[in-house]
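Chain residues, written in single-letter form:
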Amino acid sequence: MSLLDVSALDAGYGELQVLSNVDLHVEEGEYVTIVGPNGAGKSTAMKAVFGIADRLDGSITFDGGDIGDMDPEEVIHEGLSYVPQVDNVFPSLTVEENLRLGAYILDETPEERRRAVFERFPILEERLDANAGTLSGGQQQMLAMGAALMLDPDLLLLDEPSAGLAPDLVTEMFDRVDAVNDSGTAVLMVEQNAKEALRRCDRGYVLAQGENRYEGSGRDLLGDDEVRKQFLGG
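Residues numbered from 1 in each chain as written. Predicted model: local features only at pLDDT ≥ 70, side-chain atom pairs only at ≥ 80, totals over all residues. Heavy atoms only, no water.

Notes on the sheet that holds strand β4 (residues 54-62)
Thought 1: If you trace the four strands from one edge of the open sheet to the other, you get β2-β1-β4-β5, paired in antiparallel fashion. For this open sheet the edge positions go to β2 (16-26) and β5 (65-66), each flanked by a neighbour on one side alone.
Thought 2: By the bridge criterion, two bridges tie β4 to β5 in an arrangement that is antiparallel. From the neighbouring strand, F62 faces β5, where its bridge partner is G65. (Pairing = 2+ DSSP bridges. Helix = DSSP H or I, 4+ residues; strand = E, 2+ residues; numbered from the N terminus.)

Thoughts on the side chain of E191
Thought 1: Inspection of the secondary structure puts E191 in the loop between β8 (186-190) and α8 (194-200).
Thought 2: At 2.9 Å, the side chain of E191 and the backbone nitrogen of N193 are in polar contact.
Thought 3: Beyond its immediate chain neighbours, meaning those up to four positions away, E191 contacts T33, I34, V35, E160, P161, S162, F174 and A197. (Polar contact = N/O pair within 3.5 Å; in protein donor to acceptor, adjacent residues only side chain to side chain. Contact = heavy atoms within 4.5 Å.)

A closer look at the pattern of salt bridges
Thought 1: Tallied over the entire structure, the rule returns 15 salt bridges.
Thought 2: R200 is the partner of D175 in a salt bridge, and the nearest nitrogen-oxygen pair spans 2.9 Å. A residue pair is termed long-range when its members are at least 10 positions apart, and D175 in helix α7 (residues 167-182) and R200 in helix α8 qualify at 25 residues.
Thought 3: For D175, a relative accessible area of 40% puts it in the partly exposed group.
Thought 4: Within the structure, one salt-bridge network assembled from shared partners comprises D175, D178, E196, R199 and R200. (Salt bridge = Lys/Arg side-chain N within 4 Å of Asp/Glu carboxyl O. Buried < 20%, exposed > 50% of the residue type's maximum accessible area, 1.4 Å probe, protein only.)

Looking at the nonpolar core
Thought 1: With 75 residues, the main nonpolar core has L4, L80, L99, L155, L157 and L188 as its most contacted residues.
Thought 2: Sort the elements by how many residues they give to this core and helix α6 (residues 137-149) lands first, with seven residues.
Thought 3: In contact with L155, not counting residues within four places along its chain, are L3, L4, V26, F62, G79, L80, S81, A186, V187 and L188. (Core = buried A, V, L, I, M, F, W, Y, C linked by side-chain atoms within 4.5 Å.)

Geometry only, nothing functional implied.
Written as structure tokens, this is what we have:
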């Protein structure tokens, strides 16, 4: 049984349908990437899993339980955390306060979780009392991921973690995602930097016009002539 199983999913926003009959799954500890052109529905698929987009048909199960009609406030209790592409930190709050908000569903912030986050992102401990708005773009992305990891999720959902970063920081960000996955957390990531994402992930999905087009290991998709020609720039 997959950790996450999305089957025949139709999803969108109100009456606007974006996804049609989409299937995807993530195994425990797996690293899965969704790639495709702009407007393909990649972020909508992730938002539907987290209860932000509307499930119109199909099923979404996590760890064997139906989460298809849950709100984000309910989904987070099931063991999923989500890092949106933009507006993913509170700039007027300190790093410490942002991390505490990541664990807001708990009565107390577990010290072992703080330590685990600092081990992965040492800069956050160094800037603990700084307002998040004073951090660099890469540091803010680390803070967003750190806050999402405060609950020690079974599955981390990442929407375009390299978006807006300077080119020299993109590799570092991917290294951070690799480290999170290496620690045992499953990752489902939407990413425009498709070639690099597919090089690093276990498996990938290519979406186009709201539908599944290709699925396979990252290596197989990178080596597929049609995938390269249509979606990876040759």
